[in-house]
Amino acid sequence: MDHSDYEALDAGGVAEALGELAGVFSLEILPECDSTNSRLLDNPPPGDGRVHVLAAERQTAGRGRRGRAWQSWPGAGLTFSLLWRFAPAAHVPAGLSLVVGLAVARTLEELGVEGVALKWPNDVLIQGKKLAGILVELSSGRGRGLAAVIGIGINLRMPADAAVDSPMGVTDLASCLASPPSPSRLLGLVLAQLQLFLEIYAAAGFAALRGAWQQRNAFADLPVRILGEAHELTGTCVGVDDDGALLLQTAEGLRRVLSGDVSLRLA
Ligand code: BTN
């Protein structure tokens, strides 16, 4: 595909997909930036009661989990971040990044994508291949209160020769749907689902969404390996607990793995 003819994001299309939720978000679209997550972390916009969303047609230094890069080519993906502010007395958010994965999964399911699954903590897979990645980073300080920068990258139409650093392989929306939505419509639909799921999460915590996450657990009851900084753990993936920690049945008993610098693989 010639990536010079890609469909650009437009605020009207996003608002149309959001419908009555359009007023919840303030949207900024940039042709290019280093990383939408870095921008929101470094320069959080002043709060005006709306959720600020920053989308970029292209990132020059997109970041992934575990220090990985998130590559982008114009038109190949949807890349955006939003600044989600927590209520003043909120606890440190447990399971937040899993909830974001769930919202992306629901959006895809509503679009008719089949075989959507979640790989703990928050990769979105289609038939075992990665379609979307999520990077949640907490931001606080200077009297601003606790907030999360929620960054999402969704592959729309990857170049055939894209060399991507992903152990499970990648896929894109164009391979899953005969008529994929425009990037603007997709952004609006994901934001609408995020609004829905984050409201539930804010009111009732991850426990209220745990069952929905487990239904989509890509590795349910399968033997897995956890690759950490210092050690490796093997066991059977039992699911997640109310904090979003992974539960692993090992030879030594049930172990809880917290989302950190760990990677999950099929054993
Ligand atoms: C991963 O799978 O490792 C997470 C990838 C997250 C990529 C998104 S793209 C928008 C936002 N800005 C970034 O620099 N990263 C996230």
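Just so you know, the residues in each chain are numbered from 1, in the order the chain's sequence is written. Given that the model is predicted, a residue must reach a pLDDT of at least 70 before its local features are reported, and side-chain atom pairs must reach 80 or more before they are shown or counted; all residues, however, enter totals for whole chains, interfaces and linings. Excluding hydrogens and water, the side-chain figures rest on all heavy atoms present in the structure.

So, the sheet that holds strand β10 (residues 246–250)
Alright, step 1. The criterion for strand pairing is that DSSP finds at least two bridges linking the strands in question. Per the convention used, a helix needs a DSSP run of H or I reaching at least four residues, while a strand needs a run of E reaching at least two, with both numbered from the N terminus. Taking strand neighbours across the sheet as the criterion, the 5 strands line up as β11-β10-β9-β8-β12 in an open arrangement whose pairing is antiparallel. Single-partner strands in this sheet number two, and they are β11 (253–257) and β12 (263–266). Here the strands of the sheet are splayed against their neighbours by 45° on average, with no regard to which way each runs.
Alright, step 2. Bridge analysis of strand β9 (residues 232–240) against β10 gives 4 bridges, and the strand direction is antiparallel. Bridging from a neighbouring strand, Cys237 pairs with Leu248 of β10. Axes here refer to lines fitted to C-alpha atoms; in helices the fit is confined to the stretch in contact. Angles between the N-to-C directions go from 0 to 180 degrees.

Details of the domain arrangement of the chain
Alright, step 1. Residue ranges for the domains trace back to a domain assignment, done automatically or taken from a database. According to the domain assignment, the chain contains domain 1 (11–214) and domain 2 (219–264).
Alright, step 2. Inter-centroid distance (C-alpha atoms) of domain 1 to domain 2 is 24 Å.
Alright, step 3. Contacts are assigned to residue pairs that have any heavy atoms within 4.5 Å of one another. If you look at the interface, domain 1 gives 13 residues, while domain 2 gives 20 residues.
Alright, step 4. Simply put, the buried area is the total loss of 1.4 Å probe accessible area from both parts when two parts are fitted together. Together, the buried faces of domain 1 and domain 2 total about 1400 Å²; carbon and sulfur atoms form 54% of this surface.
Alright, step 5. Only one rule defines a salt bridge in this text: a Lys or Arg side-chain nitrogen within 4 Å of an Asp or Glu carboxyl oxygen. For the pair domain 1 and domain 2, the number of links is 1 salt bridge.
Alright, step 6. For Asp242, the salt bridge is made with Arg210, and the minimal N-O distance between the two is 3.4 Å.
Alright, step 7. Think of a polar contact as two N or O atoms within 3.5 Å of one another; within protein, one of them needs to be a possible hydrogen donor and the other a possible acceptor, and neighboring residues in sequence only count if both atoms come from side chains. The interface formed by domain 1 and domain 2 includes 5 residue pairs in polar contact (both at pLDDT 80 or more).
Alright, step 8. No other element matches helix α6 (residues 210–215), which puts 3 residues into the side of domain 1 that touches domain 2.
Alright, step 9. Within the side of domain 1 that touches domain 2, the residues separate by chemical class into 7 nonpolar, 2 polar and 4 charged. Each residue gets one of three labels, nonpolar for Ala, Val, Leu, Ile, Met, Phe, Trp, Tyr, Cys and Pro, charged for Asp, Glu, Lys and Arg, and polar for the others, Gly among them.

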